[in-house]
Amino acid sequence: MTQDELKKAVGWSALKFVEPGTIVGVGTGSTASHFIDALASIKDQIVGAVSSSKASTEKLTSYGIEVFDCNEVDSLSVYVDGADEINYHMQMIKGGGAALTREKIVSAIAKKFVCIVDESKVVDVLGQFPLPIEVIPMARSYVARELFKMGARPIYRQGVVTDNGNVILDVHDLIISEPIALENKINSIAGVVTVGLFANRKADVALVGYADGVKELHAR
């Protein structure tokens, strides 16, 4: 199976976590896009969706699925999204698509976070994928200097503006052995909107696409 076929397989597998008559949290990216395709097949069974990006909102709307503002919803039964990396504790790096802040907000109000990935995203230790950080533009240089003091190598993602009007620093050369502590430390830097470490709010379950099928993983 190709990588895209694996992504499609996990996207469709996530339908089993969707409860009829609910509003579904929907993520961003190529794997989440397959989930939106799957969700469209049962759109008459759900109330609608809360989306983590403009791109996902546009796709949901094109299928005739009503998209609710996050402020209109007290909680979600499930949030389905991909990841750039996920470890066996269900902690993730997210933000390759620059939607990390909205993804964090939607996942925060979800009772269950279902992460959908192909096998290439599963790692023992996070950090091979550059860690995205959303930063208020005026703080970009200051935040970069603070990250450099931590032994990291931040690189400004040129030409990218988030849906919130901010910029992205991609942090290289970090071995993330203590994800929760690092998430809290980076989030405490003035000017950081959020870091793409999902360690405090990790996934509850991962659906992983392997050549021999989709497997369900839980935290070790």
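The rules behind each value
Residues numbered from 1 in each chain as written. Predicted model: local features only at pLDDT ≥ 70, side-chain atom pairs only at ≥ 80, totals over all residues. Heavy atoms only, no water. Core = buried A, V, L, I, M, F, W, Y, C linked by side-chain atoms within 4.5 Å. Buried < 20%, exposed > 50% of the residue type's maximum accessible area, 1.4 Å probe, protein only. Helix = DSSP H or I, 4+ residues; strand = E, 2+ residues; numbered from the N terminus. Contact = heavy atoms within 4.5 Å. 1 Å grid on protein atoms, 1.4 Å probe; cavity = no way out; pocket = protein on both sides within 12 Å on 5 of 7 lines; lining within 4 Å. Points joined across faces, edges and corners; volume = space filled by probe spheres on them. Nonpolar A, V, L, I, M, F, W, Y, C, P; charged D, E, K, R; others polar. Pairing = 2+ DSSP bridges. Salt bridge = Lys/Arg side-chain N within 4 Å of Asp/Glu carboxyl O.

**Student:** Is there a simple way to think about the nonpolar core in this case?
**Tutor:** The tendency in soluble globular proteins is for nonpolar side chains to be buried side by side. Among the nonpolar cores identified, the biggest contains 23 residues, and Val18, Val24, Val26, Phe35, Leu39, Val114 and Ile116 are the most heavily contacted of them. Listed by contribution, the elements that provide at least two residues to this core are β1 (23-26), α2 (30-40), β7 (113-118) and β13 (205-210). The dominant element in this core, judged by the number of residues it contributes, is α2, at five residues. With near-sequence residues (within four places) excluded, Ile116 lies in contact with Val10, Gly11, Ala14, Thr31, Ala32, Phe35, Val80, Asp81, Gly82, Ala83 and Leu207.

**Student:** It is not clear to me how the layout of surface pockets should be interpreted in this structure. Could you clarify?
**Tutor:** A water-sized probe, rolled over the atoms, reveals where empty space remains. Space inside the largest pocket adds up to approximately 210 Å³. Taken together, 17 residues line the largest pocket, and the ones lying closest to its centre are Thr28, Gly29, Ser30, Ala83 and Asp84. Ranked by residue count, the leading element in the lining of the largest pocket is α2, at three residues. Considered class by class, the residues forming the lining of the largest pocket number three nonpolar, eight polar and six charged.

**Student:** It is not clear to me how the environment of Val106 should be interpreted in this structure. Could you clarify?
**Tutor:** As for its position among the elements, Val106 is in helix α4 (residues 100-108). Along the sequence, Val106 and Leu207 sit 101 residues apart, while their C-alpha atoms lie 19 Å from each other. Apart from the residues within four sequence positions on either side, Val106 is in contact with Gly25, Val50, Ser51, Ser52, Leu76 and Tyr79.

**Student:** I keep staring at the sheet that holds β13 and nothing clicks. Help me out?
**Tutor:** The pairing of strands in a sheet happens through backbone hydrogen bonds and is either parallel or antiparallel. Pairing in this open sheet of seven strands is mixed, and the strands run β3-β2-β1-β4-β7-β13-β14 from one edge to the other. Since the sheet does not close on itself, it has two edges, and those belong to β3 (67-68) and β14 (213-217), each with one partner. With four bridges joining them, β1 and strand β2 (residues 48-51) adopt parallel strand pairing. Residue Gly25 lies in a different strand from β2, and its bridge partner there is Val50.

**Student:** Help me understand the pairing of β13 in this model?
**Tutor:** Along any regular strand the residues' side chains alternate between the sheet's two faces. The buried fraction of β13 amounts to six of the six residues, a majority that puts the element mostly inside the structure. The pairing of β7 with β13 spans five bridges and is parallel. Within the sheet, the bridge partner assigned to Val114 lies in β13 and is Val205. As defined by bridge partners, β13 adjoins β14 across five bridges and the pair is classed as antiparallel. Within β14, the residue paired with Gly209 across the bridge is Val214. Between the antiparallel neighbours β13 and β14 lie two residues.

**Student:** Is there a simple way to explain the pattern of salt bridges in this structure?
**Tutor:** A full pass over the atoms with the stated rule returns eleven salt bridges. One salt bridge in this structure joins Lys94 and Asp81, with 2.7 Å as the shortest N-O distance. One end of the pair, Lys94, is in the loop between β6 (92-93) and α4; the other, Asp81, is in strand β4 (residues 79-81), with 13 residues separating them in the sequence. The pair Lys94 / Asp81 is uniform in exposure class, with both members buried.

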